[in-house]
Each structure stands twice: as structure tokens, then as C-alpha cells.
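Architecture and fold: a report
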Amino acid sequence: MLHLPSALVGSLTAGGGFLLIHRELSHRSRLSNKWVLREYAEAQWRDFRSDRSIEDSKKNFAVASAEYSLDSMDLASKWNKGLEALRGLLSSKR
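Quick word on the overall build of the chain
Looking only at helices and strands, the chain features 3 helices and 0 strands. Secondary structure of the chain in N-to-C order comes out as α-α-α.

As C-alpha cells, this is what we get:
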């Protein structure tokens, strides 16, 4: 009959040993603990950021801030109306 705790400990020891040996062997060839996909994504992000010019980003920011400023003014008026309604509701209950 199989002794389950012994099988579990043996499996964990063998798996842990394999992972340690694999890490040491792969470290010799790559000299980095980063995953290949993460390195690729970081390279793509650096390329993307270097391709964008400062003038384009400033222009886009100016257009976006103008659009959002109109929305924030509308939002502020709605917020104030809601607060007035809430204050009116609370004062009428007293």
C-alpha cells in the first residue's frame, strides 16, 4: 500500500530540485530572470514611447483637456444640484 505523505514529500522534493536545477541552467544562458514575453512587452513599450513626439502628445493633451473641462463643468453643476436636492430633503424631514 502506498504511504501518501511519503509520496507527497517525495514528489515535492523532486519537483523542487528540478525547478532549482532548471533555474540555474537557464540562468546561465539568459542571465535574466525576466520572462521572454515581459522583455518583449517592455521593448515594444519603449519603441512606442520613443515613436511618439512631444508635440503630438501636447496637442492631444490640449484637445482632451478642453473636452474634459466642458464635461467637468457640466458634472459640477449636476453635483451641486444633487447636493441642493439632498439638503432640501434633509431640511424638510426635520
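Now, onward.
Looking at the pattern of salt bridges
Evaluation of the coordinates by the stated rule reveals 1 salt bridge. With a closest N to O distance of 3.3 Å, Glu-42 and Arg-38 form a salt bridge. One end of the pair is Glu-42 and the other is Arg-38, both in helix α2 (residues 36-51) and 4 residues apart, which spans about a single turn. A relative accessible area of 49% means that Arg-38 is categorised as partly exposed.

Describing a nonpolar patch on the surface
Judged by side-chain polarity, Leu-86, Leu-89 and Leu-90 come together as a nonpolar surface patch covering roughly 280 Å² of accessible area. Among the secondary structure elements, Leu-90 is positioned in helix α3 (residues 54-93).

Quick word on the confidence of the model for the chain
In the predicted model, the chain carries a mean pLDDT of 76, and 65% of its residues have values of at least 70. Between the elements of the chain, mean pLDDT differs from a low of 71, seen in α3, to a high of 84, seen in helix α1 (residues 4-30).

Cut-off values and rules
- Residues numbered from 1 in each chain as written.
- Predicted model: local features only at pLDDT ≥ 70, side-chain atom pairs only at ≥ 80, totals over all residues.
- Heavy atoms only, no water.
- Helix = DSSP H or I, 4+ residues; strand = E, 2+ residues; numbered from the N terminus.
- Salt bridge = Lys/Arg side-chain N within 4 Å of Asp/Glu carboxyl O.
- Buried < 20%, exposed > 50% of the residue type's maximum accessible area, 1.4 Å probe, protein only.
- Patch = residues over 30% accessible without salt bridge, like charges linked within 9 Å, V, L, I, M, F, W, Y side chains within 5 Å.
- Areas by Shrake-Rupley, 256 points an atom, 1.4 Å probe, with all protein chains shown as cover.
- pLDDT = per-residue confidence, 0-100.

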